[in-house]
Amino acid sequence: MNKRLLPVSCPSCEQTLKVRRFECSNCDTAVEGNFDLPTLARLTPEEQSFVLNLVKCGGSLKDLAKIYGVSYPTVRNRLDALIERLDGLQSQASDEEGS
Amino acid sequence: MDNSETSKGKLIVTWLFNPFHYIAGGKALVIGLVVILLTGLIGSFSNTHFDGVLDIHTGLPAPTWVFLMEGLVDWLSLGIPLCVVALIFTKSKVRLLDVFGTQALARFPMIVNALLSLLPGFQRQIAQLPRMGPQFSPSDIVPMDMAVFAFVLLCSLTMLVWMVALMYRAYAVSCNIRGGKRVVLFIAALLVGEVISKVVLIVALNHLGLL
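Residues numbered from 1 in each chain as written. Chains lettered and ligands numbered in written order. Predicted model: local features only at pLDDT ≥ 70, side-chain atom pairs only at ≥ 80, totals over all residues. Heavy atoms only, no water.

A. Broad picture of the overall build of chain B. Looking only at helices and strands, chain B features eight helices and two strands. Each principal axis of the C-alpha distribution contributes one length, and for chain B these read about 60 × 55 × 30 Å. Taking all 211 residues of chain B together, 45% fall into the buried category. Of the roughly 10800 Å² of accessible surface on chain B, 74% is carried by carbon and sulfur atoms. If you average the places of the 14 positive and of the 10 negative side-chain charges in chain B, the two averages end up 14 Å apart. (Helix = DSSP H or I, 4+ residues; strand = E, 2+ residues; numbered from the N terminus. Buried < 20%, exposed > 50% of the residue type's maximum accessible area, 1.4 Å probe, protein only. Areas by Shrake-Rupley, 256 points an atom, 1.4 Å probe, with all protein chains shown as cover. Lys, Arg positive; Asp, Glu negative; His and termini not counted. Charge placed at Lys NZ, Arg CZ, Asp CG, Glu CD.)

Take a look at the structure:
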């Protein structure tokens, strides 16, 4: 079965999608509301994979560079870009909360 | 062109113009220093001096260690200003080893210039240059030597442009400065580095009685 990607932005207006309903596949219980996607879920699959690998490496950029087969500063630069992205997503989330 | 060919092509382009994506730090430093010293050694066989961050001049005999020293001075003269730029302007945690290592590796096109300077036709033409005054006769020009000379000059210029491109990529990867100021700061560091290298080498060679 092909892995399906979690959509995070609206294909029509590109705004961030919200979660309206959770369902239990075991007992058919459903929970409805207006839930925000967690910040990490809003990252691209590549970014999420980077975060996962970073955690699995115990935060070692040196080990992460070996996994990706790139140089240490390349991985460091990716991490810095990711930090900026996360800051942007978090401030976007607080703006949405405020409004 | 299918996907595997496109990937191979991208890989080759990356290795040629941004090898620092894959190699930096201590590895780049060791390879870079070996190349710098080899370049100086090969240059000593044809009296080719790399007497500035962006300079190449042929003709002045000197002890071998002078040729080796020139390459190291050139490397440090640019590396130090780039480190200063990185420490002041970057938000990233820069490793000085990456700055110096990638800059050392960025100088590898100069080894091509050192090898080209060994060509006999080029050497003969260089020897002719001081004699090219008002009394010089055009019949003294050997067409083949002139062709080789022109070819070497063209290749040298190409290698120089390639080296500057590599220096910029090395700086971009190791210092991670964003925005328009990245280019401006690199140009400023390059100019400062060129001045430092010329001053250091002129003072050193003067002190040694070689100038």
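B. Spotlight on the pattern of salt bridges. Taken as a whole and assessed by the stated rule, the structure comprises 10 salt bridges over all chains. Each member of the salt-bridge network shares a partner with another, and the members are Arg21, Glu23 and Glu32 of chain A. (Salt bridge = Lys/Arg side-chain N within 4 Å of Asp/Glu carboxyl O.)

C. Highlighting the nonpolar core. All names here are of chain B. In terms of nonpolar packing, the biggest core is built from 40 residues, with Phe20, Leu82, Met167, Tyr171 and Phe186 touching the most fellow members. Broken down by element, this core gets its largest block of residues, 11 residues, from helix α7 (residues 143-175). Among residues more than four places away in sequence, those in contact with leucine 82 are Val99, Gln103, Tyr171, Cys175, Phe186 and Ala189. (Core = buried A, V, L, I, M, F, W, Y, C linked by side-chain atoms within 4.5 Å. Contact = heavy atoms within 4.5 Å.)

D. Layout of the pairing of strand β1 (residues 18-23) of chain A. Residues and elements named next belong to chain A. In terms of strand pairing, β1 meets strand β2 (residues 30-36) through five bridges, oriented antiparallel. Bridging from a neighbouring strand, arginine 21 pairs with glutamate 32 of β2. As consecutive antiparallel partners, β1 and β2 are separated by six residues, and within that stretch aspartate 28 has a phi angle of approximately 65 degrees, a positive value. (Pairing = 2+ DSSP bridges.)

E. Molecular detail of the interface of chain A and chain B. Facing 12 residues of chain A, the contacting portion of chain B comprises 16 residues. Counting each side, the surface lost to burial between chain A and chain B is near 980 Å², with a carbon and sulfur contribution of 44%. Counting across the chain A and chain B interface gives one salt bridge. Here glutamate 84 of chain A makes a salt bridge to arginine 178 of chain B, at a shortest N to O gap of 3.0 Å. Joining chain A to chain B, the criterion identifies 11 residue pairs in polar contact (both at pLDDT 80 or more). Classifying every residue of the side of chain A that touches chain B gives four nonpolar, four polar and four charged. (Buried area = accessible area lost by both parts, 1.4 Å probe. Polar contact = N/O pair within 3.5 Å; in protein donor to acceptor, adjacent residues only side chain to side chain. Nonpolar A, V, L, I, M, F, W, Y, C, P; charged D, E, K, R; others polar.)

F. Molecular detail of empty space enclosed by the protein. Residues and elements named next belong to chain B. Summed over all chains, the structure comprises one cavity of 30 Å³ or more. Of the pockets and cavities examined, the largest cavity occupies roughly 70 Å³. Around the largest cavity, the lining residues are Ile36, Thr39, Gly40, Phe50, Phe67, Glu70, Gly71, Asp74, Arg107 and Met110. Of all the secondary structure elements, the ones that give two or more residues to the lining of the largest cavity are α2 (25-45) and α3 (64-89). Among the elements that make up the lining of the largest cavity, the one with the highest residue count is α3 (four residues). (1 Å grid on protein atoms, 1.4 Å probe; cavity = no way out; pocket = protein on both sides within 12 Å on 5 of 7 lines; lining within 4 Å. Points joined across faces, edges and corners; volume = space filled by probe spheres on them.)

G. Representation of the environment of phenylalanine 122 of chain B within the structure. Residues and elements named next belong to chain B. Of note, phenylalanine 122 is situated in helix α6 (residues 120-128). Owing to a relative accessible area of 5%, phenylalanine 122 belongs among the buried residues under this scheme. Once residues within four sequence positions are removed from consideration, phenylalanine 122 is found in contact with Thr58, Leu116, Ser117, Val148, Phe149 and Val152.

By themselves, these are just geometric observations and shouldn't be taken as functional.
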